[in-house]
Amino acid sequence: MRKFQKLAGVACGATALLAFGAGPALAASGSVHANLKSVPGSEVDGSGTAMVKVDGRTITVTMAAMGLLEDQPHAAHIHFGDDARHECPTLDEDSNGNGHLSTKEGAPAYGPVVVSLTKTGDTSAKSVLAVDRFDTAEGGDISYERGSIKVSKDVAEAIADGEAVVVVHGVDHNDNGKYDGEEKSDLNKDLPAEATDPALCGALRKAPDGGMDTGNGGAAAGQNTALIGLGGLALVAAAGSGVVAARRARARA
Ligand SMILES: [Cu+2]
(Lines give C-alpha, C1' and ligand atoms only; values in the text may rest on other atoms or scores of the structure.)
Protein backbone atom coordinates (compact mmCIF):
# COMPACT_ATOMS: atom_id res chain seq x y z
CA MET A 1 0.00 0.00 0.00
CA ARG A 2 2.70 2.42 1.00
CA LYS A 3 4.63 1.60 -2.14
CA PHE A 4 1.59 2.26 -4.30
CA GLN A 5 0.98 5.65 -2.75
CA LYS A 6 4.56 6.67 -3.28
CA LEU A 7 4.46 5.52 -6.89
CA ALA A 8 1.18 7.30 -7.52
CA GLY A 9 2.48 10.55 -6.08
CA VAL A 10 5.63 10.51 -8.16
CA ALA A 11 3.81 9.57 -11.34
CA CYS A 12 1.13 12.21 -10.88
CA GLY A 13 3.74 14.91 -10.49
CA ALA A 14 5.65 13.84 -13.55
CA THR A 15 2.65 13.66 -15.83
CA ALA A 16 1.30 16.97 -14.59
CA LEU A 17 4.53 18.56 -15.79
CA LEU A 18 4.22 16.81 -19.12
CA ALA A 19 0.71 18.09 -19.55
CA PHE A 20 1.96 21.67 -19.45
CA GLY A 21 4.23 21.11 -22.42
CA ALA A 22 1.75 19.17 -24.50
CA GLY A 23 0.23 21.01 -27.42
CA PRO A 24 -2.30 19.37 -29.73
CA ALA A 25 -0.99 15.87 -29.16
CA LEU A 26 -0.43 13.50 -32.04
CA ALA A 27 -1.04 10.50 -29.81
CA ALA A 28 -3.03 10.37 -26.63
CA SER A 29 -0.93 10.95 -23.56
CA GLY A 30 -1.23 12.12 -20.00
CA SER A 31 -2.70 10.79 -16.83
CA VAL A 32 -6.15 10.79 -15.32
CA HIS A 33 -7.31 10.16 -11.77
CA ALA A 34 -10.45 8.97 -10.09
CA ASN A 35 -11.75 9.04 -6.56
CA LEU A 36 -13.67 5.82 -6.13
CA LYS A 37 -16.90 6.19 -4.18
CA SER A 38 -19.59 3.79 -3.11
CA VAL A 39 -22.23 3.38 -5.79
CA PRO A 40 -25.59 4.69 -4.53
CA GLY A 41 -27.77 1.85 -3.29
CA SER A 42 -24.86 -0.60 -3.17
CA GLU A 43 -24.69 -0.50 0.63
CA VAL A 44 -20.92 -0.58 0.25
CA ASP A 45 -19.01 1.58 2.69
CA GLY A 46 -15.87 1.86 0.63
CA SER A 47 -13.55 4.20 -1.18
CA GLY A 48 -10.42 4.27 -3.26
CA THR A 49 -8.33 5.95 -5.86
CA ALA A 50 -7.34 5.03 -9.39
CA MET A 51 -4.83 6.49 -11.79
CA VAL A 52 -4.41 5.71 -15.47
CA LYS A 53 -1.39 6.84 -17.41
CA VAL A 54 -1.89 6.93 -21.16
CA ASP A 55 1.04 6.70 -23.56
CA GLY A 56 -0.16 6.26 -27.12
CA ARG A 57 -2.23 3.11 -27.11
CA THR A 58 -0.65 1.73 -23.94
CA ILE A 59 -2.04 2.40 -20.49
CA THR A 60 -0.77 1.79 -16.96
CA VAL A 61 -3.38 1.42 -14.25
CA THR A 62 -2.83 1.86 -10.51
CA MET A 63 -5.73 1.40 -8.14
CA ALA A 64 -6.29 1.05 -4.43
CA ALA A 65 -9.66 0.41 -2.85
CA MET A 66 -11.01 -0.45 0.57
CA GLY A 67 -14.29 -1.41 2.15
CA LEU A 68 -15.15 -4.14 -0.34
CA LEU A 69 -16.70 -7.49 0.51
CA GLU A 70 -13.82 -9.34 2.11
CA ASP A 71 -11.99 -12.23 0.53
CA GLN A 72 -14.17 -12.28 -2.58
CA PRO A 73 -13.11 -11.60 -6.17
CA HIS A 74 -14.09 -8.18 -7.47
CA ALA A 75 -14.36 -7.64 -11.21
CA ALA A 76 -13.03 -4.19 -12.07
CA HIS A 77 -13.11 -2.38 -15.36
CA ILE A 78 -12.61 0.84 -17.20
CA HIS A 79 -15.93 1.73 -18.79
CA PHE A 80 -16.46 4.13 -21.67
CA GLY A 81 -19.18 4.74 -24.21
CA ASP A 82 -19.46 7.51 -26.79
CA ASP A 83 -23.10 7.92 -25.82
CA ALA A 84 -22.53 7.62 -22.08
CA ARG A 85 -22.40 10.59 -19.73
CA HIS A 86 -18.82 9.73 -18.62
CA GLU A 87 -19.76 9.76 -14.96
CA CYS A 88 -20.95 7.53 -12.15
CA PRO A 89 -24.61 6.50 -11.94
CA THR A 90 -27.17 7.76 -9.46
CA LEU A 91 -30.26 5.98 -8.16
CA ASP A 92 -32.18 7.78 -10.92
CA GLU A 93 -30.83 4.92 -13.06
CA ASP A 94 -32.50 2.27 -10.89
CA SER A 95 -34.95 1.40 -13.66
CA ASN A 96 -36.43 -1.68 -11.95
CA GLY A 97 -36.82 0.18 -8.68
CA ASN A 98 -35.23 -2.47 -6.47
CA GLY A 99 -33.18 0.10 -4.60
CA HIS A 100 -29.79 -0.71 -6.04
CA LEU A 101 -28.05 -0.51 -9.38
CA SER A 102 -27.09 -3.37 -11.63
CA THR A 103 -24.16 -3.08 -14.03
CA LYS A 104 -26.47 -2.50 -16.98
CA GLU A 105 -28.60 0.02 -15.15
CA GLY A 106 -25.47 2.09 -14.65
CA ALA A 107 -24.45 1.89 -18.32
CA PRO A 108 -26.08 5.18 -19.43
CA ALA A 109 -23.72 6.90 -17.00
CA TYR A 110 -20.48 4.99 -17.59
CA GLY A 111 -20.94 3.01 -20.81
CA PRO A 112 -19.80 -0.53 -21.59
CA VAL A 113 -16.58 -2.23 -20.46
CA VAL A 114 -13.55 -1.24 -22.54
CA VAL A 115 -10.74 -2.57 -20.30
CA SER A 116 -10.88 -5.47 -17.84
CA LEU A 117 -8.51 -4.80 -14.95
CA THR A 118 -7.32 -8.38 -14.69
CA LYS A 119 -4.10 -9.34 -12.93
CA THR A 120 -2.92 -11.62 -15.74
CA GLY A 121 -3.78 -12.43 -19.34
CA ASP A 122 -6.34 -10.71 -21.51
CA THR A 123 -7.49 -7.21 -20.54
CA SER A 124 -10.16 -6.70 -23.18
CA ALA A 125 -13.92 -6.59 -22.64
CA LYS A 126 -13.90 -10.34 -23.31
CA SER A 127 -12.54 -10.79 -19.78
CA VAL A 128 -15.41 -8.83 -18.23
CA LEU A 129 -16.21 -11.64 -15.81
CA ALA A 130 -12.92 -13.57 -15.72
CA VAL A 131 -13.43 -13.89 -11.98
CA ASP A 132 -10.33 -15.99 -11.32
CA ARG A 133 -8.09 -13.29 -12.83
CA PHE A 134 -9.43 -10.33 -10.85
CA ASP A 135 -8.18 -9.24 -7.44
CA THR A 136 -9.63 -10.86 -4.36
CA ALA A 137 -10.20 -8.26 -1.65
CA GLU A 138 -8.23 -9.58 1.31
CA GLY A 139 -9.62 -7.81 4.33
CA GLY A 140 -11.78 -5.78 1.94
CA ASP A 141 -8.82 -4.08 0.30
CA ILE A 142 -7.54 -4.14 -3.27
CA SER A 143 -4.17 -2.90 -4.41
CA TYR A 144 -3.74 -3.18 -8.16
CA GLU A 145 -1.08 -2.15 -10.59
CA ARG A 146 -0.60 -3.24 -14.18
CA GLY A 147 1.23 -1.69 -17.09
CA SER A 148 1.56 -2.40 -20.81
CA ILE A 149 -2.20 -2.69 -21.27
CA LYS A 150 -3.00 -2.18 -24.96
CA VAL A 151 -6.18 -0.38 -25.90
CA SER A 152 -7.66 0.96 -29.12
CA LYS A 153 -6.82 4.46 -30.28
CA ASP A 154 -10.36 5.61 -29.53
CA VAL A 155 -10.26 4.20 -26.02
CA ALA A 156 -6.83 5.70 -25.35
CA GLU A 157 -8.07 9.11 -26.44
CA ALA A 158 -11.26 8.84 -24.42
CA ILE A 159 -9.34 7.92 -21.28
CA ALA A 160 -6.80 10.72 -21.79
CA ASP A 161 -9.66 13.15 -22.40
CA GLY A 162 -11.19 12.32 -19.04
CA GLU A 163 -14.22 10.48 -20.38
CA ALA A 164 -13.70 7.01 -18.91
CA VAL A 165 -14.97 5.63 -15.60
CA VAL A 166 -13.52 2.99 -13.26
CA VAL A 167 -16.06 0.57 -11.78
CA VAL A 168 -15.33 -2.11 -9.17
CA HIS A 169 -18.05 -4.75 -8.91
CA GLY A 170 -19.23 -7.13 -6.22
CA VAL A 171 -21.60 -6.27 -3.36
CA ASP A 172 -23.31 -8.01 -0.47
CA HIS A 173 -26.86 -6.71 -0.28
CA ASN A 174 -27.96 -9.29 2.30
CA ASP A 175 -24.79 -8.81 4.34
CA ASN A 176 -23.95 -12.48 4.75
CA GLY A 177 -20.35 -12.31 3.60
CA LYS A 178 -20.75 -13.98 0.22
CA TYR A 179 -22.19 -13.57 -3.25
CA ASP A 180 -25.62 -15.15 -3.28
CA GLY A 181 -29.33 -14.32 -3.36
CA GLU A 182 -32.30 -14.94 -5.60
CA GLU A 183 -31.58 -12.11 -7.97
CA LYS A 184 -29.42 -13.08 -10.95
CA SER A 185 -26.70 -10.99 -12.58
CA ASP A 186 -27.71 -9.07 -15.67
CA LEU A 187 -24.30 -9.93 -17.15
CA ASN A 188 -24.40 -13.68 -16.57
CA LYS A 189 -27.50 -15.53 -15.40
CA ASP A 190 -25.32 -18.17 -13.76
CA LEU A 191 -24.05 -15.62 -11.25
CA PRO A 192 -25.92 -13.88 -8.47
CA ALA A 193 -26.46 -10.16 -8.98
CA GLU A 194 -24.32 -9.53 -5.90
CA ALA A 195 -21.24 -10.82 -7.76
CA THR A 196 -21.52 -8.23 -10.52
CA ASP A 197 -23.50 -5.25 -9.22
CA PRO A 198 -21.31 -2.12 -9.12
CA ALA A 199 -19.75 -1.39 -5.73
CA LEU A 200 -17.34 1.50 -6.27
CA CYS A 201 -17.18 4.00 -9.10
CA GLY A 202 -15.01 6.94 -10.04
CA ALA A 203 -14.78 9.08 -13.16
CA LEU A 204 -11.22 9.36 -14.49
CA ARG A 205 -10.54 13.05 -14.86
CA LYS A 206 -7.49 14.92 -16.07
CA ALA A 207 -5.12 16.30 -13.49
CA PRO A 208 -5.64 20.05 -13.26
CA ASP A 209 -3.01 22.09 -15.11
CA GLY A 210 -3.64 25.30 -13.29
CA GLY A 211 -7.24 25.78 -14.36
CA MET A 212 -10.53 24.39 -13.21
CA ASP A 213 -11.76 21.25 -14.83
CA THR A 214 -15.50 21.71 -14.73
CA GLY A 215 -16.00 17.98 -14.95
CA ASN A 216 -14.28 17.24 -11.68
CA GLY A 217 -13.57 20.34 -9.64
CA GLY A 218 -9.94 20.96 -10.55
CA ALA A 219 -8.77 22.51 -7.31
CA ALA A 220 -9.93 19.60 -5.22
CA ALA A 221 -8.33 17.11 -7.60
CA GLY A 222 -5.04 18.95 -7.19
CA GLN A 223 -5.27 18.61 -3.44
CA ASN A 224 -5.94 14.93 -3.84
CA THR A 225 -2.77 14.49 -5.87
CA ALA A 226 -0.76 16.07 -3.09
CA LEU A 227 -2.47 13.97 -0.47
CA ILE A 228 -1.75 10.76 -2.36
CA GLY A 229 1.90 11.75 -2.27
CA LEU A 230 1.71 12.13 1.47
CA GLY A 231 0.15 8.73 1.82
CA GLY A 232 -3.26 9.95 2.92
CA LEU A 233 -5.62 7.57 1.19
CA ALA A 234 -8.32 8.07 3.81
CA LEU A 235 -7.89 11.83 3.55
CA VAL A 236 -8.25 11.60 -0.19
CA ALA A 237 -11.55 9.83 0.26
CA ALA A 238 -12.75 12.52 2.63
CA ALA A 239 -11.61 15.35 0.38
CA GLY A 240 -13.23 13.76 -2.64
CA SER A 241 -16.69 13.35 -1.17
CA GLY A 242 -17.53 17.00 -1.55
CA VAL A 243 -16.46 16.96 -5.16
CA VAL A 244 -18.60 13.97 -5.94
CA ALA A 245 -21.56 15.44 -4.11
CA ALA A 246 -21.20 18.65 -6.10
CA ARG A 247 -20.91 16.78 -9.35
CA ARG A 248 -23.94 14.65 -8.54
CA ALA A 249 -25.86 17.75 -7.62
CA ARG A 250 -25.03 19.24 -11.00
CA ALA A 251 -25.88 16.00 -12.75
CA ARG A 252 -29.31 16.01 -11.20
CA ALA A 253 -29.96 19.65 -12.03
CU1 LIG B 1 -17.35 -2.86 -14.88
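Shown above is the structure to which this text applies.
Quick notes on the rules
- Each chain carries its own residue numbering, running from 1 in the direction its sequence is written.
- Local features are withheld for residues below a pLDDT of 70 in this predicted model, meaning they are given only at 70 or higher, and side-chain atom pairs are given and counted only at 80 or more; totals for whole chains, interfaces and linings count all residues.
- Side-chain numbers come from the whole structure's heavy atoms, not from hydrogens or water.
- Like-charged residues within 9 Å of one another, or nonpolar side chains (Val, Leu, Ile, Met, Phe, Trp, Tyr) within 5 Å, are grouped into patches, provided each residue has over 30% relative accessible area and no salt bridge.
- Here the Shrake-Rupley method, with its probe set to 1.4 Å, supplies the accessible areas, and only the displayed protein chains count as covering residues.
- For salt bridges, the criterion is a side-chain nitrogen of Lys or Arg within 4 Å of an Asp or Glu carboxyl oxygen.
- Here Asp and Glu are counted as negative and Lys and Arg as positive; His is not counted, and neither are the chain ends.
- Every charge is mapped onto a representative atom, which is NZ of Lys, CZ of Arg, CG of Asp or CD of Glu.
- Under the scheme used here, helices are H or I runs from DSSP no shorter than 4 residues and strands are E runs no shorter than 2 residues, and both carry numbers assigned from the N terminus.
- Think of it in three bands: with a 1.4 Å probe and only protein chains considered, a residue is buried below 20% of the maximum accessible area for its type, exposed above 50%, and partly exposed in between.
- Water is not among the atoms examined, so metal sites may look incomplete; donors are the N, O and S atoms within 2.8 Å of the metal, or within 3.2 Å for Na, K and Ca.
- Only heavy atoms enter the contact rule, under which two residues are in contact if any of them lie within 4.5 Å.
- Disulfide: a pair of cysteine sulfur atoms within 2.5 Å of each other.
- At least two DSSP bridges between two strands are required for those strands to pair.

**Some words on a negative patch on the surface**
1) Next: A cluster of acidic residues, Glu 70, Asp 71, Glu 138 and Asp 141, forms a negative patch at the surface.
2) Next: Examined against the element boundaries, Asp 71 turns out to sit in the loop between β3 (58–66) and β4 (76–79).
3) Next: By relative accessible area, Asp 71 is classed as partly exposed at 47%.

**Some points on the coordination of the copper ion**
1) Next: Distances from the copper ion to its protein donors, namely His 77 (ND1), His 79 (NE2) and His 169 (NE2), fall within the range 1.9 to 2.0 Å.
2) Next: Here the donor residues of the copper ion share one chain and are spaced in sequence as H-x1-H-x89-H. Here His 77, found in strand β4, pairs with His 169, found in strand β7 (residues 165–169); they are 92 residues apart in sequence, far enough to count as distant. The pair formed by His 77 and His 169 is uniform in burial state, with each residue classed as buried.

**Quick word on helix α3 (residues 153–160)**
1) Next: Listed as buried for α3 are Val 155, Ala 156, Ala 158, Ile 159 and Ala 160.
2) Next: Turning to α3, the residues buried within the fold contact β1 (29–38), β2 (47–55), β3, β4, β5 (113–116) and β9 (205–206).
3) Next: Downstream of α3 by one or two residues, Gly 162 has phi in the positive range, about 80 degrees.

**Considerations on the state of the cysteines**
1) Next: Under the defined criterion, the tally for this structure stands at one disulfide.
2) Next: Covalently, Cys 88 is tied to Cys 201 through a disulfide, its sulfur atoms 2.0 Å apart. Taking the sign of the S-S torsion, -95 degrees for the link of Cys 88 and Cys 201, the bridge is left-handed. Of this pair, Cys 88 sits in the loop between β4 and α2 (107–110) while Cys 201 sits in strand β8 (residues 198–203); the two residues are 113 residues apart in sequence, bridging distant segments of the chain.

**Overview of the pairing of β8**
1) Next: β8 sits mainly inside the fold: six of its six residues count as buried.
2) Next: As paired strands, β1 and β8 are joined by two bridges and run antiparallel to one another. Bridge pairing in β8 links Lys 37 to Cys 201.

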